[in-house]
Amino acid sequence: MKENQIRGIGMTSERTRGRLIQRLRDMGIKNEQVLATILNTPRHLFVDEALASRAYEDTALPIGQGQTISQPYIVARMTELLLQGEHLQHVLEVGTGCGYQTTILSHLVDKVYTVERLEQLLQQAGRRFHQLRLRNIRTQHSDGGWGWEAHAPYDGIIVTAAPTDIPEPLLQQLAPGARLVIPVGADRQQSLAVITRTPEGFEQVNHEAVTFVPLVRGRA
Ligand code: SAH
């Protein structure tokens, strides 16, 4: 990734990016900070060069190893649900993938801890963070179903792969009042859940149906 790649393609696709933002607005995304961050983030740098021309379409794209870069609408929606207009300090992300969602978060919260089970993807993502000079991201190669105990509790947790049941460690690593945004359910029948840690326990609200790759145990 060279400097002219970061700037060059980014500049020429300004109009295309503007169209994407309009679509996200039309679909109901309201958080202006989230919209501005997506507008200013070069999504083409997170996909293979052969797919770069499609990077500003509102669609998931393959990133290798059977994984995908999430659809921009889903990234925007999950980020909006996570923030709910608040300022968050420490956020845990499970499922770094190409690092696009991580990058969006890094502009909106103080510090992002991100965990990925596939070493190769994590290394690639790490190079992107370095090249984009994002200094508030820490990565770990592990099974994110265990969370990342060392830095807990978190002001928010976002999971970008779907378990059939919510992993208990993630609930335990939420600070009081913090939210966990997570797709839950079996193949093709997942819903986007937001779980809030309350003084009494946990409160769950299910939002729209979504399709994510499964949360898989162990690392590779
Ligand atoms: N956040 C990405 C999308 C990631 S796709 C984006 O911005 O586009 C889901 C990712 O979760 C994949 O890279 C997959 O390898 C990873 N994953 C699946 N199970 C996991 C687990 N138990 N722990 C950590 N990462 C996991």
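The shown structure was predicted, so the numbers you read here are calculated from the model rather than taken from an experiment. (Residues numbered from 1 in each chain as written. Predicted model: local features only at pLDDT ≥ 70, side-chain atom pairs only at ≥ 80, totals over all residues. Heavy atoms only, no water.)

Enquirer: Which parts of the structure should I look at to understand the pairing of strand E3 (residues 90-94)?
Expert: Each regular strand shows side chains that alternate between the opposite faces of the sheet. Across the 5 residues of E3, 4 count as buried, placing the element largely inside the fold. Relative to strand E4 (residues 111-116), E3 is paired through 5 bridges, and the arrangement is parallel. Counted as the bridge partner of Leu92 is Tyr113 from E4. Viewed along the sheet, the connection from E3 through helix H5 (residues 100-106) into E4 turns out right-handed. (Buried < 20%, exposed > 50% of the residue type's maximum accessible area, 1.4 Å probe, protein only. Helix = DSSP H or I, 4+ residues; strand = E, 2+ residues; numbered from the N terminus. Pairing = 2+ DSSP bridges. Right-handed = clockwise from strand over helix to strand, strands pointing away.)

Enquirer: What is the right way to read the nonpolar core from this model?
Expert: The nonpolar side chains of a soluble globular protein tend to be buried, and buried together. Counting residues in each nonpolar core, the largest one holds 47 residues, and the members touching the most others are Leu24, Ile38, Ile69, Tyr100 and Val181. Among the secondary structure elements, those contributing two or more residues to this core are helix H2 (14-26), helix H3 (32-40), strand E1 (61-64), helix H4 (72-83), H5, helix H6 (119-131) and strand E8 (190-198). Not counting the four nearest positions on each side in its chain, Tyr100 is found in contact with Ile38, Thr41, Arg43, Phe46, Ile69 and Val75. In this structure, Val115, Ala178, Ile182 and Val184 belong to the second largest nonpolar core, which totals 18 residues. (Core = buried A, V, L, I, M, F, W, Y, C linked by side-chain atoms within 4.5 Å. Contact = heavy atoms within 4.5 Å.)

Enquirer: Looking at this structure, how should I read the layout of surface pockets?
Expert: Taking a probe equal in size to a water molecule and rolling it over the atoms shows the remaining empty space. By volume, the largest pocket is sized at about 550 Å³. Along its surface, the largest pocket is lined by 35 residues, and Gln67, Thr68, Thr160, Ala161 and Val213 are the ones closest to its centre. Listing elements by their share of the lining of the largest pocket, those giving two or more residues are strand E2 (67-69), H4, E3, H5 and E4. If one sorts the elements of the lining of the largest pocket by residue count, E2 sits on top with 3 residues. The class makeup of the residues in the lining of the largest pocket is 17 nonpolar, 14 polar and 4 charged. (1 Å grid on protein atoms, 1.4 Å probe; cavity = no way out; pocket = protein on both sides within 12 Å on 5 of 7 lines; lining within 4 Å. Points joined across faces, edges and corners; volume = space filled by probe spheres on them. Nonpolar A, V, L, I, M, F, W, Y, C, P; charged D, E, K, R; others polar.)

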